[in-house]
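Architecture at a glance
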Amino acid sequence: MSLNAWAAAANDDLSFERRRWTLADGAPGQAFDLTQTSDGVMWFSSSTGLYSFDGGKFKPETKVYGHGLQSSATSSLRYIPGGGLAVGYTFGGLSLFTAQGARHFVAGKDFPLGSVNGITAAADGQLYACTTTAIVKLEQGKWVQVGRRKQLANQIRFDAEGTLWAIGGTEVFALPKGAEEFASVMKFPAQVRYSFVNKRLQVKLPDGSLARLDSNGALHPIQLDHPERYTIMLNGPHGTVVALHEGSVARLNQRADGSWHEVEFYPPIVASSAGAGNGGIGLITLLDREGNLWRTLYDGVERIRLHRFHQVRRQDHFWLAQPGLNEEMWVGSNTLPMLRIRPDGAPVETQVKVPNAILRTAPDHVWVGTNAALWEFGRDKEQRWELPVPANARLGVQALALEGDGRLLVSLARHGLWRFDNGAWQQDPRLQGQQDPTPISMLRDAHGKTWLGLTNNRVGVLTADALKLLPASSNLQIGNTLSMLDAGGRLLIGGDMGVAWVDGDKVQPMTFQRRAPVQRVTGMVVDHLGQLWLHCNDGLLRVPAAELAQFWHTPAQPLDSELFNFEDGVNGNASPTRPLPSLSLDSAGRVYYATIAQAGWIDPAQIRRNPRAPDVIIQSLQTADGELQPLDGMKLPGHPTAVDISFAATALSIPERVRLKYRLEGVDGGWKEVQHDRSAHYTNLAPGAYRFQVIAANEDGVWNTKGAELRFHIAPQFWQTWWFRLLCAALLLLAVVAAYQWRIATVRRRADERARALLEATLQERGRIARSLHDNLLQAVQALILRFHTLQSRMLQEPDLQAKLDTVLIHAQELVENARDEVVGLRCDPVRDELFTALRKSVAVSVPAAESLLHFTTTGAQRPLREDATREVFYVLREALWNSARHAQASRIAAELCYGEQVFSASVTDDGIGIGTVAASVGRWGIVGMRERVQRMGGQIEIGAGEQGGTVVRLTIPAQLAYA
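Source: prediction; values computed, not measured.

So, about the overall build of the chain. Within the chain one finds nine helices and 72 strands. Per-residue burial for the chain yields a buried fraction of 48% across its 964 residues. For the chain, the share of sequence-separated contacts (at least 6 apart) that also reach a separation of at least 24 residues comes to 52%.

If you want it as structure tokens, here you go:
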């Protein structure tokens, strides 16, 4: 590149990204038209159908806003002002789609015949369309012809003055604002090549030049260097102007005299992916609302976007960019001479080649180290010294620093540290004994200390006699030292493994909130705004001033940061060895970076930002039954076991940096941030009403906090309704009751069986004892009595002995009668007698004087009582007898058992002072216990006054609960 060309380009250092999507990426091939609707979605019509692009992916569409297309052969598109999309069809007809509905116009019926070649809108939003047979406009819902005669056109467009232009095959027509008929403005010998630049029609003339064409036919030539190279001029990204030439794009700049010239050339992209084709010819272009230029190709879609960073335009590999003399910026490469860039942008070529290090010791004094020499520059001085190593070593200067005594320190690759003073070289002995004693980076800080950074986590300060390394206890973990920075009196060290602050003998590592680690920090600067910039493997990292200030107080807290990488114009990585550092500040406060691919800069105070928050779209809701059009308030059919909701944010500049958050109220505890797929998945949602929300931010953190929302309702199945649940609860309660009753019945049955078995065993034992008494004891005693009678008959002569024997016989007879009574007792039902006996004994023990007042009677055929019934009846009757005996002052207390067929009853009656006085004297707990026991048996109890006075306690128990 010549010096003149370099000077011309220096004033125009904008940088653009050119990205292409091909068929392999899902982009349409041979798109005929494109537009952008008010929600930010890009639309493409093509021979293979209609496509949309939301910034994330291309998607073939058969519906628009949920309404079906009339044909897949779409030809023309136009956004509808206020929201919506107009679609023209290749074989005739046009559809208008909005979120509220769709309206279709049929060719030959309510719309002209022929393919729809173009759709446009006037300044007031009125739609116009052209087909192969007519030009029409939409008035009050009907399409009416424009002009009195049919006008054929391949495209129509309004200019800044409101003129409607119609471009046919070889002729251009114009309908000025207020006119009633099109007029032929200009004819061409071949196909018209045209464009609208700043809403003015430009045409390519037969002689190869370009001119602006007025509606009256006047031509205004465009002064452009070599116009024959270009097909047409276009409005480019963010106010720039570009020119097309087949598959290439050139960016133009305007000189002071108004003429245009090329400043940057984008050659055709060589396709390497399947289905990419030849990188072909541009068809239609569009500037989106974020200022990006879109271009359709025969085999895909291309976008040209303005970078944030400016580039120093020079074709070479190995870059260095550091401040030079005064306000100059010095840049160097691997092969070309180093340039001194003056404040006005003019470069001055120097004799220095392959610069590796630049050290500015004063505004008018700069040192430069190369592979072969050391250069010194002053106000009127430029001097070169050979290095003190063999010329064939070709290793060169690694780093430069100035000691406090004014002597220059020079680190020579593979040859250690040297001093340079008045043209003399001397090996510095202070690094002797160090393994690998060549410093990678050197710095004199604000306190006058000279710091050296070496390999393998070694950082130290030079003293008068030696290098004092940081102690091992400092735990410095940055790998090889690549850069050092004095940040307001604080020393930052950058290396292979990150950044650390050396605070005395302590090392505070710098951590970041970003996911990827910060590695290979080859340059660091603090700009005029107090922001820290780091050049790392991923690009340039900006730490806001407030974050940096917080770091000095709480270094353990991770820092928020912003990354600028290839998407912003920072291409390539810094050199792995030298020149270092790779980051610097110029006199105007601009941050310069250098990589092996390029050098460039950015003004921290004027970083170009995208102020437009992205629109957020909820695209679909999918269940197992299929994909549904998301409509607010929709009801989901059936009972979906899983729900997938897809959404997008239409930020098209750097869609890779778009942030999305979503939540489903009542399910998600807070906002969830999207990691990969732009969708949300939910399972096992209960019936009810739901509200799904999505918000998004663009690449600069501008949030659309309103976002998009979708309300939907999941209807319950019959088993999820309240009445079904109530029925189930009732059935469950009945089941529990039935189970409880069955359990009680089982327990009672088992208890009855045990009681019956026990009673049977008792009766059998009594029968055995009775039989034994009868068959053995009674018979033996009876026989003994008979023998005594025999002896008595023989003892008539001894009256005294006979009298004694009579006495014995009487006792024996009594014994027999008693034994017989016992046998009878064993053969009888023991319940009643035992119960009465136990009651009598209990009263005798408690109130001995009342035993004579007791009277027991029984009515009805006696039946054995259940064991538990016997026990409870005993306790109730005992309590009643005790009360009468102790408190009633009765003269008679009667207890009665009544064995009825339906119920068993028992009662205690006295003739005492009455229930009121007794209750008052005995309290309530005994009576409460009597009631509880009877109720537990399933019976009833009555306590009251008797007919003749006194008190009556009567209990009744159903027969099935009382008898065994």
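That was the structure; now back to the text.
To continue, consider the nonpolar core. The biggest cluster of nonpolar side chains holds 37 residues, and the ones touching the most others in it are Leu839, Val873, Leu881, Leu897, Phe904 and Leu955. At the level of elements, helix 5 (830–846), strand 68 (854–859), helix 6 (867–887), strand 69 (893–899), strand 70 (903–910), helix 8 (925–936), strand 72 (951–958) and helix 9 (959–962) are the ones that each hand at least two residues to this core. Residue contributions to this core peak at nine residues, all from helix 6. If you look at the next biggest cluster of nonpolar residues, it comprises 26 residues, including Ala649, Ala651, Ala680 and Leu710.

This part takes up the packing of aromatic side chains. Any pair of aromatic rings gets described here by the distance separating the centres and the angle formed by the planes. Per the stated rule, a full pass over the model turns up 32 aromatic pairs. On the numbers, 5.3 Å between centres and 85 degrees between planes, the contact of Phe111 with Trp143 is edge-to-face. One end of the pair, Phe111, is in the loop between strand 11 (101–105) and strand 12 (116–121); the other, Trp143, is in strand 15 (residues 142–145), and 32 residues separate them in sequence. Classification of Trp143 as buried rests on a relative accessible area of 11%. Members of the aromatic cluster, each reached through a chain of ring pairs, are Trp21, Phe44, Phe53, Phe58 and Trp294. Over the aromatic face of Tyr79 sits the side chain of Arg78, whose NZ or CZ is 4.2 Å from the ring centroid. One Lys or Arg, Arg590, reaches over the ring of Trp601 and ends 4.3 Å from the middle of that ring.

Moving on to the environment of Val146. Tracing the chain through its elements places Val146 in the loop between strand 15 and strand 16 (155–158). Excluding residues that lie within four positions of it along the chain, Val146 makes contacts with Tyr128, Ile135, Val136, Lys137, Leu175 and Phe182.

Bringing the confidence of the model for the chain into the picture now. When pLDDT is averaged along the chain, the result is 87; 89% of the residues meet or exceed 70. Segment residues 1–11 is flagged for pLDDT under 50; beyond a separation of four residues in sequence, or across chains, it makes twelve contacts in the model. Taken as a whole, residues 271–281 scores under 50 in pLDDT and shows 30 contacts with residues more than four places along the chain or in a different chain.

Looking now at the pattern of salt bridges. Summed over the entire model, instances satisfying the criterion amount to 38 salt bridges. Across the pair Asp568 and Arg308 runs a salt bridge, and its minimum N-O distance is 2.6 Å. Taken as a pair, Asp568 in the loop between strand 55 (562–564) and strand 56 (583–585) and Arg308 in the loop between strand 30 (300–306) and strand 31 (310–312) lie far apart in primary sequence, 260 residues in all. Note on Asp568: relative accessible area 0%, which makes it buried. Among the charged side chains, a network of salt bridges with common partners joins Arg308, Arg542, Glu562, Glu567, Asp568, Arg609, Arg657 and Asp700.

A few words on the pairing of strand 12. For strand 12, a buried count of five out of six residues is recorded, marking the element as mostly surrounded by other parts of the structure. Pairing of strand 12 with strand 13 (residues 127–131), which is carried by five bridges, proceeds in the antiparallel orientation. Along strand 13, the bridge assignment pairs Thr120 with Tyr128. Taking the residues between adjacent antiparallel strands as the criterion, strand 12 and strand 13 are bridged by five residues, where Gly125 takes a positive phi near 90 degrees.

Take the pairing of strand 59 (residues 616–623) next. For strand 59, a buried count of six out of eight residues is recorded, marking the element as mostly surrounded by other parts of the structure. In the sheet, strand 59 pairs with strand 62 (residues 642–649) via six bridges, with the strands oriented antiparallel. When the bridges of strand 62 are listed, Ile617 appears paired with Ala648. Pairing analysis gives three bridges linking strand 59 to strand 60 (residues 626–628), with the strands arranged antiparallel. The residue bridging Gln622 from the neighbouring strand is Glu627, located in strand 60. Adjacent in sequence and paired antiparallel, strand 59 and strand 60 are bridged by two residues.

For the rest of this paragraph, the subject is helix 6. The α-helix advances 3.6 residues per turn, and as a result positions three or four apart in sequence lie on the same side. Taking 1.5 Å per residue, 21 residues should reach 30 Å; helix 6 reaches 30 Å between its end C-alpha atoms and fits that length. Along helix 6, the residues classified as buried are Ala869, Glu872, Val873, Phe874, Val876, Leu877, Ala880, Leu881, Trp882, Asn883, Ser884 and Ala885. Positive phi appears at Gln889, one or two residues downstream of helix 6, with a value of about 55 degrees.

A surface patch of positive charge is lined by Arg743, Arg749, Arg750 and Arg754. Inspection of the secondary structure puts Arg750 in helix 3 (residues 722–793). Note on Arg750: relative accessible area 45%, which makes it partly exposed.

Across the sheet, four strands lie side by side as 2-3-4-5; this open sheet has antiparallel pairing. A strand with exactly one partner marks an edge of an open sheet, and here the two such strands are strand 2 (31–36) and strand 5 (58–61). Taking each pair of neighbouring strands and ignoring which way they run, the sheet shows an average axis angle of 25 degrees. Relative to strand 4 (residues 49–53), strand 3 (residues 42–46) runs antiparallel, the two being bridged by five bridges. Residue pairing across strands places Ser45 opposite Leu50, the latter belonging to strand 4.

Below, the discussion takes up the sheet that holds strand 41 (residues 408–412). Pairing in this open sheet of four strands is antiparallel, and the strands run 40-41-42-43 from one edge to the other. Two strands close off the open sheet at either side, each with one partner strand: strand 40 (397–402) and strand 43 (424–427). This sheet shows a mean twist of 25 degrees between the axes of neighbouring strands, independent of strand direction. In this structure, strand 41 lies alongside strand 42 (residues 416–421), joined through five bridges in antiparallel fashion.

Calculation rules
- Residues numbered from 1 in each chain as written.
- Predicted model: local features only at pLDDT ≥ 70, side-chain atom pairs only at ≥ 80, totals over all residues.
- Heavy atoms only, no water.
- Helix = DSSP H or I, 4+ residues; strand = E, 2+ residues; numbered from the N terminus.
- Buried < 20%, exposed > 50% of the residue type's maximum accessible area, 1.4 Å probe, protein only.
- Contact = heavy atoms within 4.5 Å.
- Core = buried A, V, L, I, M, F, W, Y, C linked by side-chain atoms within 4.5 Å.
- Phe/Tyr/Trp six-rings, centres within 6.5 Å; stacked < 30°, edge-to-face > 60°.
- Lys NZ or Arg CZ within 6 Å of the ring centre and 35° of its normal.
- pLDDT = per-residue confidence, 0-100.
- Salt bridge = Lys/Arg side-chain N within 4 Å of Asp/Glu carboxyl O.
- Pairing = 2+ DSSP bridges.
- Expected span 1.5 Å × (residues − 1).
- Patch = residues over 30% accessible without salt bridge, like charges linked within 9 Å, V, L, I, M, F, W, Y side chains within 5 Å.
- Areas by Shrake-Rupley, 256 points an atom, 1.4 Å probe, with all protein chains shown as cover.
- Lys, Arg positive; Asp, Glu negative; His and termini not counted.
- Charge placed at Lys NZ, Arg CZ, Asp CG, Glu CD.
- Axes fitted to C-alpha atoms, helices over the stretch in contact; angles between N-to-C directions.

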